[in-house]
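Observations on the three-dimensional arrangement
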Amino acid sequence: MHRFVYADNSATTKISKNVLDAMLPYFTEGYGNPSSLYALGQQARAAIDEARHKVAVALGAKKDNEIYFTSGGSEADNWAIKGAAHEMAKKGKKHIVSTKFEHHAVLHTLDALKKEGFEITLLDVHEDGLVRIDELKAAVREDTALVTVMFANNEIGTIQPIAEIGEFCREKGILFHTDAVQAVGNVEINVEDMKIDLLSLSAHKIHGPKGVGALYCRNGIRIETLINGGAQERSKRAGTENTAGIVGLGVAITDAVSDINARCEKLKALRDRFIDGALKIERSRLNGDREKRLAGSANLCFEGIEGESLLLWLDHSGICASSGSACTSGSLDPSHVLLSIGLPHEIAHGSLRVSFSDENTTEDVDHILNVLPLIIDKLRAMSPLWERIKKEEKGE
């Protein structure tokens, strides 16, 4: 029987017992509609209000009413970007600055806006996977409506200079959105101090339930209504609220930020142990800056192999990992993130993303490191590409 190791926490996390226990009553006793006036409905309303407060506190927001609940990070990204862009277009501003390695929830939203006549500038992220603030400043124009830069990359884990970007955008009167789906609960965030106008997050990345997320929208910023109908979410997003999911998000985010420093120290030790071991494998490379990255995230490439084959063999050994974003796992194209940091197609194809949570142990890391070299040797023995690489090394 293989040891089971779950090391794909950037894709999703296991719901915690604390979160599940908090949610369960709202499937049974507390099932009232939060818009109803009787006590059962008002109990649900009070639970949603409490969760909204918890999210606001966790993000350092000034007011609870700056938090809007959504179905997840992708919806929050879409709403923030389209909502802000359409409002700013009324002032004649139709230029948006972003980066080449955003999540597809952002990039595809920008593609949709491009078809509406918006101009999009995508910044380089360089070999280290980091945005250069001077390049961002140079890209901004008089008609720039919005800058959207992810807080931490979902594939390679690099953390961007968000506070610097926020400071610059605030000075210029440009709206600043950050996709913080991977960062919330893993990096200390204060939307006020960092001058963030709009922020997207998702519960299932922090041991909360799937199907619920939130958008932080600073008071005074107008974004268009997402769903017309009832008066839910201050008439911006109609539809009966997912009370149990929202309660779960409130508990998950509170737990995630309460012990963030100690947890990140533990995760960093696991991550670095894995990176150090994996880099001993011939023709391996770490993708993105070694230090400016999420505590539990590592992405490496191994020449001469296909990432999909590697994942299947790891799965056979009881190890869950990924080759990139879970949202594009069905695609055979190499990761746009890895291409954006300058990797050629043949190397980008051989990628492995490992992401740890506080449930992982040193033994988990060692199990991966014991199995990984054997699998890579096996795959390389069958690879014409590896054969060619070895011949080139010998000068043949």
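Residues numbered from 1 in each chain as written. Predicted model: local features only at pLDDT ≥ 70, side-chain atom pairs only at ≥ 80, totals over all residues. Heavy atoms only, no water.

Here we look at the packing of aromatic side chains
In this description, a pair of aromatic rings is defined by centroid distance and the angle of the planes. Under the convention used in this document: Side-chain rings of Phe, Tyr and Trp, where Trp is taken by its six-membered ring, are said to pair if the distance between their centres is within 6.5 Å; with planes under 30 degrees apart they count as stacked, over 60 as edge-to-face, and otherwise as tilted. Secondary structure elements follow DSSP: runs of H or I of four or more residues count as helices, runs of E of two or more count as strands, with numbering from the N terminus. Relative accessibility decides the category of a residue: with a 1.4 Å probe and only protein chains considered, values under 20% of the type maximum give buried, values over 50% give exposed, and everything between is partly exposed. Look at NZ for Lys and CZ for Arg. If either is within 6 Å of the ring centre and within 35 degrees of the ring normal, a charge sits over the ring.
Under the defined criterion, the tally for this structure stands at two aromatic pairs. Ring plane angle 70° and centroid distance 5.4 Å describe the contact between Tyr68 and Trp79, whose orientation is recorded as edge-to-face. Of this pair, Tyr68 sits in strand β2 (residues 67–70) while Trp79 is found in helix α3 (residues 73–89), placing the two residues 11 residues apart along the sequence. Of the two residues examined, Tyr68 and Trp79, each falls in the buried class. Seen in terms of ring centroids, Phe274 and Phe356 are 6.2 Å apart; in terms of plane orientation they differ by 75°. Their pairing is edge-to-face. One end of the pair, Phe274, is in helix α9 (residues 260–278); the other, Phe356, is in the loop between β12 (351–355) and α13 (362–381), with 82 residues separating them in the sequence. For the pair Phe274 and Phe356, one class covers both residues: buried. Its end group placed over the ring of Tyr68, Arg234 keeps NZ or CZ at 4.1 Å from the ring centre.

Considerations on the pattern of salt bridges
Counted only if it meets this: By definition here, a salt bridge exists when the distance from a side-chain nitrogen of Lys or Arg to a carboxyl oxygen of Asp or Glu is within 4 Å.
One pass over the full model with this rule turns up 32 salt bridges. Salt-bridge contacts for Lys90 lead to Glu87; the nearest nitrogen and oxygen are separated by 3.2 Å. A relative accessible area of 64% means that Lys90 is categorised as exposed. When the shortest N-O distance is used, the salt bridge between Asp272 and Arg271 registers 3.0 Å. On the basis of relative accessible area, Asp272 is assigned to the buried category, the value being 15%. On the basis of relative accessible area, Arg271 is assigned to the buried category, the value being 1%.

Here we look at the environment of Ser235
This is how it is decided: A contact between two residues is defined here by any heavy atoms of the two lying within 4.5 Å.
By secondary structure assignment, the location of Ser235 is in helix α7 (residues 232–235). When the C-alpha atoms of Ser235 and Arg290 are compared, they prove to be 44 Å apart, with 55 residues separating the residues in sequence. If sequence neighbours within four positions are ignored, Ser235 has contacts with Thr225 and Gly230.

What to know about unusual backbone geometry
One non-glycine residue, Arg234, adopts positive backbone phi at about 55°. Mapped onto the fold, Arg234 is located in helix α7. You can call Arg234 partly exposed: its relative accessible area is 34%. Located in the positive-phi region is Ser235, a residue other than glycine, with phi close to 65°.

Structural notes on the nonpolar core
The tendency in soluble globular proteins is for nonpolar side chains to be buried as a group. For the record, the criterion: In these notes, a set of buried Ala, Val, Leu, Ile, Met, Phe, Trp, Tyr and Cys residues joined through side-chain atoms within 4.5 Å is what counts as a nonpolar core.
Residues Val147 and Leu199 are the most contacted members of the largest nonpolar core, which totals 62 residues. No other element matches the seven residues that helix α8 (residues 243–258) contributes to this core. Setting aside chain neighbours within four positions, we find Val147 in contact with Val97, Leu136, Val140, Ile165, Cys169, Ile174, Leu175, Phe176 and His177. Core analysis: the next-biggest nonpolar cluster, separate from the first, contains 32 residues, Ala295, Phe356, Leu369 and Val371 among them.

So, the sheet that holds strand β4 (residues 119–123)
Adjacent strands of a sheet pair through backbone hydrogen bonds, lying either parallel or antiparallel. Heads up, the rule is: A strand pair is defined by DSSP finding two or more bridges across the two strands. Think of each axis as a best-fit line through the C-alpha atoms, taken over the contacting stretch in the case of a helix, with angles from 0 to 180 degrees between the N-to-C directions.
Taken in spatial order, the seven strands line up as β2-β8-β7-β6-β5-β3-β4 in an open sheet, and their pairing is mixed. Each end of this open sheet is capped by a strand with a single partner; those strands are β2 and β4. Looking at each pair of strands side by side, their axes are set apart by 20° on average, direction ignored. One ladder, built from five bridges, connects strand β7 (residues 198–202) with strand β8 (residues 213–217); its direction is antiparallel. Considered in β8, the bridge of Leu199 is made with Tyr216.

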